[in-house]
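Coordinate inspection notes
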Amino acid sequence: MSYSNPNNDPTNPYRSADVPKDEKPQPASTIPYPMNDLPRNDERTQASTNPYQLAYTPPAGGQSPHQSSYGPPAAGQASPYGPPASQRSGRGLRTGSIIALVVAILLVLGVGLFAGWQFGHSSSTVVADTSSAFQQGTSKPAAIPALSGNNMQTVQEDVVAAVRPAIVQINVTTAQGAALGSGVIIDKQGYIVTNNHVVNGAQSVDVVLADGSTQHNVKVVGTDPTDDLAVVKINPPANITVAPIGDSSQLRVGQDVMAIGNPLGDTQTVTHGIVSALGRSAQETAPNAGNGGGIGGNAGSSITLPNLVQTDAPINPGNSGGALVNLQGQLVGIPTLAAINNQSGAAANGIGFAIPSNRVKFVVPQIIQNGKVTHTGRAGLNVTTASVDPQIASQDNLAVDHGALVVNEDKNGAASKGGLQVGDVIVQVDNTQVSDATVLGDILVNKTPGDKVAIKVYRGNQQMTLNVTLGELQAQAG
């Protein structure tokens, strides 16, 4: 893997280049679409707090298979369920009630666990180049002519011919029924990248190749819930076609792209559009019990996916884990989400999101080599926070009615080393106000490990500013 370094700066080899210099990352809050819950069995539910629909086809009945717990924290890692008794604050903060409220209404945002990520530059964590993990296919890809003024259709046809054989349908059997998604063959050894939410909770996974042949009970090599990525492996056929992975940092708004996948089970479907925006952030939210769709994690918990590629190429249930390709036939993104219009209860037309290929090149080789992600390359405070509102402030006698309340922290993490304590309310990072835990996550999306930030907190009635050096986001078990 050649980690993107568009500035040719040897001191910053891990700097994210998914967002061009003239494009600024835009947090999820800037996408002005009302909230709506995830659909179940193509039926729309009442308004909730999730403006996005995961682009996979959910099981036929019952609750989603994607509601399993992330599991207990690793040794030395903060628990998302509140601090131990020895860490409880005596300054009017009733930690027990906070924890109960967090569990009851699922408002915990695990900052440093689920949010605040970006590729690291000037990072104290050295991440190895793992590009050698990918091996090119044995079959020579079809030649794709350069785009000129009058050959658009020819180029599109040649791109489809070259890439479509590398797109597979993934059929998943769960305790609740059957579901399906898409995947992309990215290595001649038979490794396929898809979304974590496609295979999470699966009892069995079958892969249907482009030629119609099916491989049953394929192996899930590993998952990365925080990036919503996963890898499965098939027995590679002799003529395996591998999708070449492009450099998503070279994408530009207005550029033509195509999405290839299996929407609604219609295999090998191709849709066309443009890159609508770069550097978007969006939240995936696990559903409440009984609602279909979702991600791995406790019902109502969420992760923030940063630096997404927004496209108007139609992305529908079943497209999850498929390919977003450029007109050179290169994989530049993994389609994952579509925005939902609450007024109509349907997916908002032309607003889809894909995980950029540079993140795939960073994460997937780690999964292939280790079965998991060992280095996230993303910034984290290593704390768990909950949003503060007037009700919480009154209930727990807090000095402010907004901000992000530190519920728990890793004693060896960045926040603890910087002087933050359980019970502190974060109200500002550098020059940006923090109204709630979600805003804190949006701020951290634009930070990298090793960055120094000034964090303003209320500790009881006392206001103070702490200088914190951000650490690396902890990798989460699949």
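Residues numbered from 1 in each chain as written. Predicted model: local features only at pLDDT ≥ 70, side-chain atom pairs only at ≥ 80, totals over all residues. Heavy atoms only, no water.

**Thoughts on the overall build of the chain**
Heads up, the rule is: Numbering of helices and strands starts at the N terminus; helices are DSSP runs of H or I of at least 4 residues and strands are runs of E of at least 2. Any residue under 20% of the maximum accessible area for its type is buried, any over 50% is exposed, and the rest in between are partly exposed; the area is computed with a 1.4 Å probe on protein chains only. Any two residues having at least one pair of non-hydrogen atoms within 4.5 Å are treated as being in contact. Residue exposure ignores everything except the shown protein chains as possible cover, and the areas themselves are Shrake-Rupley values with a 1.4 Å probe.
Each helix and strand in the chain was counted, giving seven helices and 23 strands. For the chain, buried positions account for 57% of its 478 residues. At a minimum sequence separation of 6, the contacts of the chain that also span at least 24 residues come to 69%. Summed over all atoms, the accessible surface of the chain reaches about 18,300 Å², with 48% contributed by carbon and sulfur.

**Thoughts on the environment of Thr267**
Among the secondary structure elements, Thr267 is positioned in the loop between β10 (256-261) and β11 (269-285). Setting aside residues no more than four positions away along its own chain, Thr267 makes contact with Gln169, Gly261 and Asn262.

**Observations concerning the pattern of salt bridges**
Opposite charge on two side chains permits them to pair, given that their charged atoms come into close proximity. To be explicit about the condition: Criterion for a salt bridge: a side-chain nitrogen of Lys or Arg within 4 Å of a carboxyl oxygen of Asp or Glu.
Summed over all chains, the structure comprises four salt bridges. Salt-bridge contacts for Arg359 lead to Asp227; the nearest nitrogen and oxygen are separated by 3.1 Å. Placement of the pair is Arg359 in helix α4 (residues 357-370) and Asp227 in the loop between β8 (219-224) and β9 (229-233), with a sequence separation of 132 residues. For the residue pair Arg359 and Asp227, the accessibility class agrees, reading buried in each case. In this structure, the salt-bridge partner of Arg459 is Asp424, at a minimum N-O distance of 2.8 Å. Within this pair, whereas Arg459 is found in strand β21 (residues 452-459), its partner Asp424 is found in the loop between α6 (414-417) and β19 (425-429), the two being separated by 35 residues in sequence. Considered together, Arg459 and Asp424 belong to a single accessibility category, that of buried residues.

**Here's the deal with the nonpolar core**
The nonpolar side chains of soluble globular proteins are, as a tendency, buried together. Rules: What we call a nonpolar core is a set of buried Ala, Val, Leu, Ile, Met, Phe, Trp, Tyr and Cys residues that are connected through their side-chain atoms within 4.5 Å.
Formed by 58 residues in total, the largest nonpolar core has its most connected members in Ile170, Val184 and Ile186. The element best represented in this core is α4, accounting for six residues. Among the nonpolar cores identified, the runner-up in size contains 22 residues, and Val383, Ala414, Ile443 and Leu466 belong to it.

**Comments concerning α4**
The test is simple: One fewer than the residue count of a helix, multiplied by 1.5 Å, yields its expected span.
With 14 residues, α4 extends 20 Å from end C-alpha to end C-alpha; this agrees with the ideal 20 Å at 1.5 Å per step. Judged by how many residues are buried, α4 sits mostly within the fold: 12 of 14 residues are covered. The complete set of buried residues in α4 reads Ser357, Asn358, Arg359, Val360, Lys361, Phe362, Val363, Val364, Pro365, Gln366, Ile367 and Ile368. In this fold, the buried residues of α4 make contact with β5 (191-194), β8, β9, β14 (331-341) and β15 (346-356). Downstream of α4 by one or two residues, Gly371 has phi in the positive range, about 80°.

**Section: the sheet that holds strand β4 (residues 177-185)**
The criterion, for reference: Any two strands are treated as partners once DSSP identifies two or more bridges connecting them. Axis definition: a line fitted to C-alpha atoms, limited for helices to the stretch in contact. Angles are taken between N-to-C directions and run from 0 to 180 degrees.
Spatial ordering of the open sheet is given by β7-β6-β3-β4-β5-β9-β8, a layout of seven strands whose pairing is antiparallel. Edge positions in the sheet fall to β7 (214-215) and β8, since each of these pairs with one other strand and no more. In the packing of α4 onto the sheet, the strands contacted are β5, β8 and β9, and the crossing angle to β8 comes to about 130°.

**Regarding the packing of aromatic side chains**
Short version of the rule: Pairing of aromatic rings covers Phe, Tyr and the six-membered ring of Trp, with a centre-to-centre limit of 6.5 Å; geometry is then stacked below 30 degrees between planes, edge-to-face above 60, and tilted otherwise. Ring-over charges, as used throughout, are those where CZ of Arg or NZ of Lys falls within 6 Å of the ring centre and within 35 degrees of the ring normal.
As enumerated under the stated definition, the model contains zero aromatic pairs in all. For the cation-ring pair, Lys233 lies above Tyr191, with the distance from its terminal atom to the ring centre recorded as 5.6 Å.

**Brief notes about the pairing of strand β18 (residues 404-409)**
For β18, the tally of buried residues reaches six of six residues, placing the bulk of the element in the interior. For strand β17 (residues 383-387) and β18, the ladder comprises five bridges, and the chain directions are antiparallel. Directly across from Ala386, in β18, lies its bridge partner Leu405.

**Description of the side chain of Asn195**
Rules: Polar contacts, as used here, are pairs of N or O atoms within 3.5 Å; protein pairs need one atom able to donate a hydrogen and one able to accept it. Residues neighboring in sequence count only if both atoms are side-chain atoms.
Within the secondary structure, Asn195 sits in the loop between β5 and α3 (196-199). Overall, Asn195 belongs to the buried group, its relative accessible area being 0%. A polar side-chain atom of Asn195 sits 2.9 Å from the main-chain carbonyl oxygen of Asp228. At a separation of 2.8 Å, a polar atom in the side chain of Asn195 contacts the main-chain amide nitrogen of Gly321. Excluding residues within four positions of it along the chain, Asn195 makes contact with Asp228, Leu229, Ala230, Ser320, Gly321, Ile334, Pro335, Thr336 and Ile355.

**Considering helix α2 (residues 152-163)**
How we decide: Comment: arc refers to directions from the helix axis out to C-beta atoms.
Along its 12 residues, α2 runs 16 Å from first to last C-alpha, staying within 8% of the 16 Å computed at 1.5 Å per residue. Inspection of α2 places Val155, Gln156, Val159, Val160, Ala162 and Val163 among the buried residues, and these make up the whole buried set. Along the axis of α2, the buried residues cluster in a sector spanning 165°; they form a single face.

**Considering the side chain of Asn262**
Topologically, Asn262 is positioned in the loop between β10 and β11. According to the relative accessible area criterion, Asn262 is buried, its value standing at 0%. A distance of 3.1 Å separates the side chain of Asn262 from the backbone nitrogen of Gln268, its partner in a polar contact. Residues contacting Asn262, with those up to four places away along its chain left out, are Val168, Gln169, Leu180, Gly181, Ser182, Thr267, Gln268, Pro317, Gly318 and Asn319.

**Describing the environment of Val231**
Inspection of the secondary structure puts Val231 in strand β9. Accessibility expressed as a relative area gives 0% for Val231, which makes it buried. For the pair formed by Val231 and Ile186, sequence separation is 45 residues and the distance between their alpha carbons is 9.9 Å. Excluding residues that lie within four positions of it along the chain, Val231 makes contacts with Tyr191, Ile192, Lys219, Val220, Val221, Gly222, Val364, Ile367 and Ile368.

**Focus: the confidence of the model for the chain**
Rules: The score called pLDDT rates the predictor's confidence residue by residue, from a low of 0 to a high of 100.
Overall, the prediction assigns the chain a mean pLDDT of 74, with 67% of residues at 70 or greater. Below a pLDDT of 50 lies the segment residues 62-131, which in the model reaches 224 contacts outside its immediate sequence neighbourhood of four places, other chains included. The low-confidence segment residues 286-300, where pLDDT is below 50, has 74 contacts with residues more than four positions distant or belonging to other chains.

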